[in-house]
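# Remarks on the overall topology
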Amino acid sequence: MNFLRPAIVFAFVIFSPFLFSQTTEKWTLEKCIDYAFKNNLQVRQAEITSQVSKNENLQSKLNLLPSVEGNLNFSNNFGNGFNPQTYSFAQGNSQSVQTSLQAGLPIFTGLQQMFNIERTKYDLLASKFDYENAKRNIALTIASAYLQLLLNREILSVAQRQKALTETQRTTLLAKIKTGSLPETSGYEVESQLARDEANVVAAQNAVDLTLLSLKQLLQLTDEKFEIDIPEVKFENVEDVAALSSQAIYQSALSNQPSIMSSEARVKSADASRKMAIGALSPTISVFGNISSGYFSQDRKYTIKYDTVLGYVIPSQQDAGAKPFSESLRDNFRKVIGVSLNVPLFSKWQRVTNIQNAKLQMQIRELQLESSKNQLRSDIELAYTNAKAAVQSYVANKKSSEAANKNYTAFEKRYNAGILGTYEFQQAKNSLAVAESEMIKAKYTYVFRLKVLDFYQNKPITLN
């Protein structure tokens, strides 16, 4: 048993780094997006819909093949019946077997089959674009939630720093009160400020917890151990919004946005449906074939008997018993082949109505395409305007934060020198906290607005 202890220690040393790395693995934005592509319900539904369209497209091509059907019928007749082989009346109980194999192949159907292949092809294309659009939308949604979580974590850090500064100030103030250099009432304002700082920390922590929960719900995660990676967001490498143009982004988006390409594919699908409706006015030609046989239990087998009467040979039938099953199938075997021509003459105007509705449906698809383009233009113009405003807001708030930090440093020196009151010093510290929080909000708003522009330019959404 003594050898077990060294073996256990050795296994722990070898595998503990691996186990530790597994339990502390953090989720990057890219990992969150990749996970959502595979597990988000809306994305999975879009993927399944695309697979259904793929099956329908395949079936439209298989419809060009001939159709073959086989039938086998057995019946037990009680009482007088009908002989389906001789089309004659039969007395007594009987049994019958009918078998057939039939095939048909359409030769010409007004090109409806070809246009149906075209229609399902564009439906499949549209469903693929819908799938891509669902992925892009969930990627943008997750990026928004991820950045909001980063923002709330930084606001929490600001609140914690402010609380730490107040605690340091409280320690210094209590020391001065203890030595008698300041009255006891001087500590009331610091105690009040510390309570407010603690409340701010609790509120900031709650905001972090809520945004973390929101991100987990977007990912459909139930694991309690979920922690995101905190990347370093660099702003000096971010593309300048002033170098972009909303019109240029829009023109680029027309050729790369799945929502637009899906609408375009549906217009082509509607056009194929219109051609199918027109094709229904055409005569159709098809070939068909059939082989069949059957058995009837009352079929009889007869032999020919020849008698000589007055020098003449007279043939007569003689019942030789029930005809065997195999012989019945052989004697009743039939083959049929033919050509069918179907000419539509009058169908209560249904075909003409279908053509009119197909044209109207195509107009609806074209209007939907124009509506999608107009919505895309509006979204891009709004995103571009918001991005420019976010840049200006970030620059202004950054300057404000720097000024507030300098002001706080100056007030801190005066406060430590005893020439500034507690209230004025607290005001400077609060102003610094507000300025830092606003700068952080502007920073992440700036990043998200740029990611939205990346979205419309078909760029990958990443923080690297």
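About the criteria used
- Residues numbered from 1 in each chain as written.
- Predicted model: local features only at pLDDT ≥ 70, side-chain atom pairs only at ≥ 80, totals over all residues.
- Heavy atoms only, no water.
- Helix = DSSP H or I, 4+ residues; strand = E, 2+ residues; numbered from the N terminus.
- Buried < 20%, exposed > 50% of the residue type's maximum accessible area, 1.4 Å probe, protein only.
- Contact = heavy atoms within 4.5 Å.
- pLDDT = per-residue confidence, 0-100.
- Pairing = 2+ DSSP bridges.
- Salt bridge = Lys/Arg side-chain N within 4 Å of Asp/Glu carboxyl O.
- Phe/Tyr/Trp six-rings, centres within 6.5 Å; stacked < 30°, edge-to-face > 60°.
- Lys NZ or Arg CZ within 6 Å of the ring centre and 35° of its normal.
- Patch = residues over 30% accessible without salt bridge, like charges linked within 9 Å, V, L, I, M, F, W, Y side chains within 5 Å.
- Areas by Shrake-Rupley, 256 points an atom, 1.4 Å probe, with all protein chains shown as cover.
- Expected span 1.5 Å × (residues − 1).
- Axes fitted to C-alpha atoms, helices over the stretch in contact; angles between N-to-C directions.

## Quick look at the overall build of the protein
The number of helices and strands found in the protein is ten helices and eight strands. Burial status across the protein gives 34% buried among its 464 residues. Sequence-distant contacts, at least 24 apart, represent 81% of the contacts inside the protein between residues at least 6 apart.

## Details of the confidence of the model for the protein
Keep in mind that low pLDDT regions are not for reading the predicted coordinates in detail. Scored by pLDDT, the protein has a mean of 84; 88% of the residues are at 70 or more. Within the model, pLDDT remains below 50 along residues 1-23, and this stretch shows two contacts once partners closer than five positions in the same chain are excluded.

## A word on the pairing of strand 4 (residues 94-108)
Taken residue by residue, a regular strand's side chains alternate between the two faces of the sheet. Direction of pairing for strand 1 (residues 67-77) relative to strand 4: antiparallel, over a ladder of eleven bridges. Bridge assignment links Val68 to a residue of strand 4, and that residue is Ala103. Relative to strand 5 (residues 284-296), strand 4 is paired through twelve bridges, and the arrangement is antiparallel. In the sheet register, Gln102 faces strand 5, and the bridge partner there is Asn290.

## Here we look at unusual backbone geometry
Phi is positive for Lys348, which is not a glycine, with a value near 60°. Secondary-structure assignment places Lys348 in the loop between strand 8 (334-342) and helix 9 (350-416). In this structure, Asn458 is a non-glycine residue whose phi angle is positive, near 65°. Along the polypeptide, Asn458 turns up in the segment after helix 10 (422-456). Asn458 gets classed as partly exposed once you look at its relative accessible area, which sits at 42%.

## Section: the pattern of salt bridges
Oppositely charged side chains can pair when the atoms bearing their charge come close. For the coordinates displayed, the defined rule picks out 14 salt bridges. Its salt-bridge partner being Arg161, residue Glu436 comes within 3.5 Å of it at the nearest N-O pair. Taken together, the residues span a long stretch of sequence, with Glu436 in helix 10 and Arg161 in helix 4 (residues 112-179) at a distance of 275 residues. Among the residues examined, Glu436 registers a relative accessible area of 15% and is labelled buried. Of the charged contacts, one joins Glu438 and Lys441 as a salt bridge, the two residues approaching to 3.8 Å between their closest N and O atoms.

## Thoughts on the packing of aromatic side chains
This model, assessed by the stated rule, comprises five aromatic pairs. Relative to Tyr35, the ring of Trp27 has its centre 5.2 Å away and its plane inclined at 80°; by these criteria the two rings are edge-to-face. A residue is classified by how much of its surface remains accessible, and Trp27, at 11% relative accessible area, is buried. Seen in terms of ring centroids, Tyr394 and Tyr446 are 5.5 Å apart; in terms of plane orientation they differ by 20°. Their pairing is stacked. Residue Tyr394 is located in helix 9, and its partner Tyr446 is located in helix 10; the two are separated by 52 residues in the primary sequence. Neither residue differs from the other here; Tyr394 and Tyr446 are each classed as buried. One aromatic cluster is present, built from ring pairs that chain together Trp27, Tyr35 and Phe226. Between the NZ or CZ atom of Lys121 and the centre of the ring of Tyr122, over which it lies, the distance is 4.7 Å. Sitting over the face of the ring of Phe411, Arg414 holds its NZ or CZ atom 5.7 Å from the ring centroid.

## Some remarks on a nonpolar patch on the surface
Taken together, the side chains of Leu64, Ile107, Phe108, Leu111, Met114, Ile285, Val339, Leu341, Val343, Leu345, Phe346 and Trp349 present a nonpolar region at the surface, about 1,300 Å² in accessible area. Listed by contribution, the elements that provide at least two residues to the nonpolar patch are strand 4 and strand 8. Along the polypeptide, Met114 turns up in helix 4.

## Describing helix 9
A rise of 1.5 Å per residue sets the reference length of helix 9, with its 67 residues, at 99 Å; its end C-alpha atoms lie 93 Å apart and thus fit the reference within 8%. Immediately downstream of helix 9, the backbone of Gly418 shows phi near 85°, a positive value.

## Thoughts on the side chain of Asp197
Inspection of the secondary structure puts Asp197 in helix 5 (residues 186-219). Discounting chain neighbours no more than four positions away, the residues touching Asp197 are Gln162, Lys163, Thr166 and Lys429.

## Quick word on the sheet that holds strand 8
Spatially, the four strands line up as an open sheet ordered 1-4-5-8, and their pairing is antiparallel. Edge positions in the open sheet fall to strand 1 and strand 8, since each of these has one partner strand only. On average, each strand axis in the sheet is tilted by 20° relative to the strand beside it, whichever way the strands run.

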